[in-house]
Each structure stands twice: as C-alpha cells, then as structure tokens.
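# Observations on the model geometry
Chain by chain, the residues run as shown.
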Amino acid sequence: MRTYALKAFDAGCHVFMEKPIATNAADAEKIVRRAQETKRKLVIGYILRVHPSWTRFVEVARTLGKPLVMRMNLNQQSSGPSWTWHKNLMDSLSPLVDCGVHYVDVMCQMTGAKPVRVHGMGAHLSNEVKVYNYGALQVIFDDGSVGWYEAGWGPMMSEIAFFVKDVVGPKGCVSIVVPQDGQTEAKLDGISTSADIDSHTKTNALKIHFADIDKDNNFTKRDQWINMEDEPDHQELCNREQAYFLKAIRDDLDLTLSMNDAVNSLKIVLAADESIRTRRAVEL
C-alpha cells in the first residue's frame, strides 16, 4: 500500500487511503511527507470523522471537563466469511492495531492532549493465526486523561458488552447506547451481530449524564437522550468520505492536521503492540 501511494503522488495523483496508512510509523511519516512535497491531497479513511453521531459524541465529550476517562471496545465474534476476512487481516496486523486507530483517534480528538505513555496486553486465542487475536491498551495523556481500548476477533469471542463507547469527565458522562437484546446468541449461518460491518458504526442513541448535585448530594439535572435512529448506514458513510475527498481536491483544503492525526493514532496503537511484545509500558 505504501509503494502504491508513493508512486501515485509522484505521478501527480491525489490519494485516498484506508486506515491504517502503514504498518509502521516510519512508512506513515514518509507517505505524509511525500503528499506535502508533491502538494497532493491525502485523505485517510477514518470513517467516524464523517459520522454525524460520532462527531456529536466528540463534541459532548469536550464539554465534560478534564481529565477524561475514555472506555471503548469493539470485539467481534466472527465466523464464516467474517472469520476468513479477519484471518487475512491478521496476516499483517493485530485487531488492536487495525481497529484501534479509529478509536484512539476519537480519544485524541476528545482530549486535544498529547499521549505520553501506552501499556498493552494481548492473548493468542486461536492456532489459526500467528498474531494475538485479542488485545487491550491503556493510553495516558499529558492532561491527565486516560483511555482504554479493547479488540478481539474470532469464533470464541463473547458478544456480551462487545460495544462499549463511554466517556466520563468531572461534569458528567456521555455514552453511545446500543440495545443488547438478542446479541448474545451466535448465528449458525451468516455473520454474528458483532462482526456485522453496519453494527461497528451504529450508535442508536447518545445518553448524557450530568454530575450536578445539590446540597443533599441529589442530582439536579435529568439524563439527556439524543436519538440517532436516522443515522447513515455504512455505505452512505463511505460515500461521505469520498465526497470529502473530492471537496479537499476542489477547494484545496489544508489536510495537515488530519494527516498528522493519522500518524499520531498509528503510533499509539503500535506502541501498544510493542508493549505486548516487550511486556513493558512504552513512553511516547
């Protein structure tokens, strides 16, 4: 992928790349640098950045004060074609790296802070793959915020609490809430709920809780619900990514920040991968 991108820039092309843009930080930085040198546009497929519900999630999180506690996961009970996809992906990347860049990017948007330390842990639950197919990371930011992310792929994964998107701050918390009814039973044919692509971006609703209390320690505000039933499906989100790519070209948008953010989120998940291999925390 890196080679194709570099050749495309040298040929005068603008480039849209799926995440992550590379399997190591050096290659990612080289791609961004070549885009800047050739004055070509580079848009990376961080699909949650064009998702109205997720952008609202980030906006609300920013109102909760500092530090933030961010808890996110996406475990997938994969079987049939989805297990084949996952095994192919794990030929080069672990679930923690492949999916983690999305949610670490969200954490970085919420805090606007610098990541300083990462700790990772992983477990090899399948003999069909060479890499660990379950992993979790903890990242600490220089403003005191902390983030946790977990990702596991395979037929053995649980669908209980497979989708957690929860942020806590001094002023309250905001959560993406998805109904869990019927999501604990594995499908004998087809794709399990947690491995369904549309379920990875589906929000259903945002629940906002306010920490305000009176002199008797009773809450003074009711929880607020933001309904997201009319959110776009996965294909529409892909269409919006391409529309943004076209706008970036036509309107000559400055993509410096988004390119640097892509490199930053990749460095964090790669640090978690290094932490798993070396069994120590990694300073950034």
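Residues numbered from 1 in each chain as written. Predicted model: local features only at pLDDT ≥ 70, side-chain atom pairs only at ≥ 80, totals over all residues. Heavy atoms only, no water.

### A short note on the overall build of the chain
So the rule is basically this: What counts as a helix is a DSSP run of H or I of at least four residues, what counts as a strand is a run of E of at least two, and both are numbered from the N terminus. Values of the radius of gyration come from C-alpha atoms, whereas the globule rule sets the reference at 2.2 Å times the count of residues to the power 0.38. The classification of residues rests on relative accessible area computed with a 1.4 Å probe and restricted to protein chains. Under 20% of the type maximum is buried, over 50% is exposed, and intermediate values are partly exposed. The contact criterion used throughout is that any non-hydrogen atoms of two residues lie within 4.5 Å. Each accessible area value is a Shrake-Rupley result obtained with a 1.4 Å probe; residue values ignore everything except the protein chains displayed when judging cover.
Per the secondary structure count, the chain includes nine helices and twelve strands. A compact globule built from 284 residues should have a C-alpha radius of gyration of about 19 Å, and the chain, at 19 Å, falls within 12% of that. Once the C-alpha set of the chain is aligned to its principal axes, its extents read approximately 65 × 45 × 40 Å. Scored against the burial criterion, the 284 residues of the chain give a buried share of 47%. In the chain, of all internal contacts separated by at least 6 residues, the share reaching a separation of at least 24 is 75%. For the chain, the accessible area works out to roughly 14,100 Å², and carbon and sulfur atoms hold 51% of it.

### Some thoughts on the side chain of Asp 166
Applied cut-off: In protein, a polar contact means a hydrogen-donor-capable atom and an acceptor-capable atom, both N or O and within 3.5 Å, with residues adjacent in sequence counting only if both atoms are side-chain atoms; elsewhere, any N or O pair within 3.5 Å suffices.
By the secondary structure assignment, Asp 166 is in strand β8 (residues 163–169). The exposure class of Asp 166 is buried, given its relative accessible area of 10%. Among the polar contacts listed, one links the side chain of Asp 166 to the side chain of Ser 175, at a separation of 2.4 Å. Residues in contact with Asp 166, not counting those within four places in the same chain, are Phe 57, Val 69, Met 70, Arg 71, Val 174 and Ser 175.

### Topic: unusual backbone geometry
Between Lys 19 and Pro 20 the backbone carries a cis peptide bond, its omega angle lying at -20°. Its location among the elements puts Pro 20 in the loop between β1 (15–17) and α2 (25–38). The linkage connecting Lys 66 with the following residue, Pro 67, adopts the cis geometry, with an omega of 0°. The backbone phi angle of Ala 161 is positive, close to 55°, even though this residue is not glycine.

### Examining the packing of α2 against helix α9 (residues 256–278)
For any two helices packed against each other, the geometry comes down to the angle between their axes and how far apart the axes lie. Stated precisely, the cut-off is as follows: Axes, fitted as lines to C-alpha atoms, cover a helix only where it is in contact. Angles between the N-to-C directions of the axes lie from 0 to 180 degrees. For classification purposes, an angle smaller than 35 degrees is called roughly parallel, one larger than 145 roughly antiparallel, one from 65 to 115 roughly perpendicular, and anything else oblique.
It is at 9 Å that the axes of α2 and α9 come closest, and there the two elements cross at 175°. Classified by the interaxial angle, the pair formed by α2 and α9 is roughly antiparallel. Side by side, α2 and α9 meet where Ala 25, Ala 28, Glu 29, Val 32, Ala 35 and Gln 36 of the first sit next to Thr 256, Met 259, Asn 260, Val 263, Leu 266, Lys 267 and Leu 270 of the second.

### Some details on the pairing of strand β6 (residues 134–141)
Going by this rule: A pair of strands counts as paired when DSSP detects no fewer than two bridges linking them.
In terms of burial, β6 is a largely internal element, six of the eight residues being buried. Bridge analysis of strand β5 (residues 115–123) against β6 gives eight bridges, and the strand direction is antiparallel. The partner of Pro 115 across the bridge, within β6, is Phe 141. In this structure, β6 lies alongside strand β7 (residues 146–154), joined through seven bridges in antiparallel fashion. Across the sheet, residue Ala 136 finds its bridge partner in β7, namely Glu 150.

### Side note on the pattern of salt bridges
Operational definition: Think of a salt bridge as a Lys or Arg side-chain nitrogen and an Asp or Glu carboxyl oxygen that are within 4 Å of each other.
Summed over all chains, the structure comprises 17 salt bridges. Arg 34 is the partner of Glu 37 in a salt bridge, and the nearest nitrogen-oxygen pair spans 3.7 Å. Remark: Arg 34 and Glu 37 occur in helix α2; sequence separation between them is three residues, near one turn of the helix. When its relative accessible area of 52% is taken as the criterion, Glu 37 is described as exposed. Across the pair Arg 280 and Glu 274 runs a salt bridge, and its minimum N-O distance is 3.2 Å. Taking relative accessible area as the criterion, Glu 274 reaches 26% and is therefore assigned partly exposed.

### Looking at the confidence of the model for the chain
Worth spelling out the cut-off: Confidence of the prediction at every residue is given by pLDDT, a number between 0 and 100.
Per-residue confidence for the chain gives a mean pLDDT of 91; residues scoring 70 or more make up 91%. Confidence drops under pLDDT 50 across residues 180–189; counting only partners more than four residues distant or on other chains, this segment forms twelve contacts.

### Comments concerning the packing of aromatic side chains
Worth spelling out the cut-off: Note on aromatic contacts: the rings of Phe and Tyr and the six-membered ring of Trp form a pair at centre separations within 6.5 Å, being stacked when their planes are under 30 degrees apart, edge-to-face when over 60 apart, and tilted otherwise. Sitting over a ring, as applied to charges here, requires NZ of Lys or CZ of Arg to be within 6 Å of the ring centre and within 35 degrees of the ring normal.
A full pass over the atoms with the stated rule returns five aromatic pairs. Ring centres 6.0 Å apart and planes at 55° place the aromatic pair Phe 16 and Phe 245 in the tilted group. With Phe 16 in strand β1 and Phe 245 in helix α8 (residues 234–250), this pair connects stretches of sequence that are 229 residues apart. Overall, Phe 16 belongs to the partly exposed group, its relative accessible area being 24%. The class of Phe 245 is buried, set by a relative accessible area of 13%. Between Trp 54 and Phe 57, the aromatic rings sit 5.5 Å apart at their centres with planes inclined by 85°, giving edge-to-face as the arrangement. Separated by three residues within a single helix, Trp 54 and Phe 57 lie in helix α3 (residues 52–61), roughly one turn from each other. Given the relative accessible area of 1%, Trp 54 is considered buried. The exposure class of Phe 57 is buried, given its relative accessible area of 0%. Through successive ring pairs, a cluster of aromatic residues spans Trp 54, Phe 57, Tyr 103 and Tyr 149. Sitting over the face of the ring of Tyr 103, Lys 165 holds its NZ or CZ atom 4.9 Å from the ring centroid. Directly above the ring of Phe 163 sits Lys 165, whose terminal nitrogen or CZ lies 3.7 Å from the centroid.

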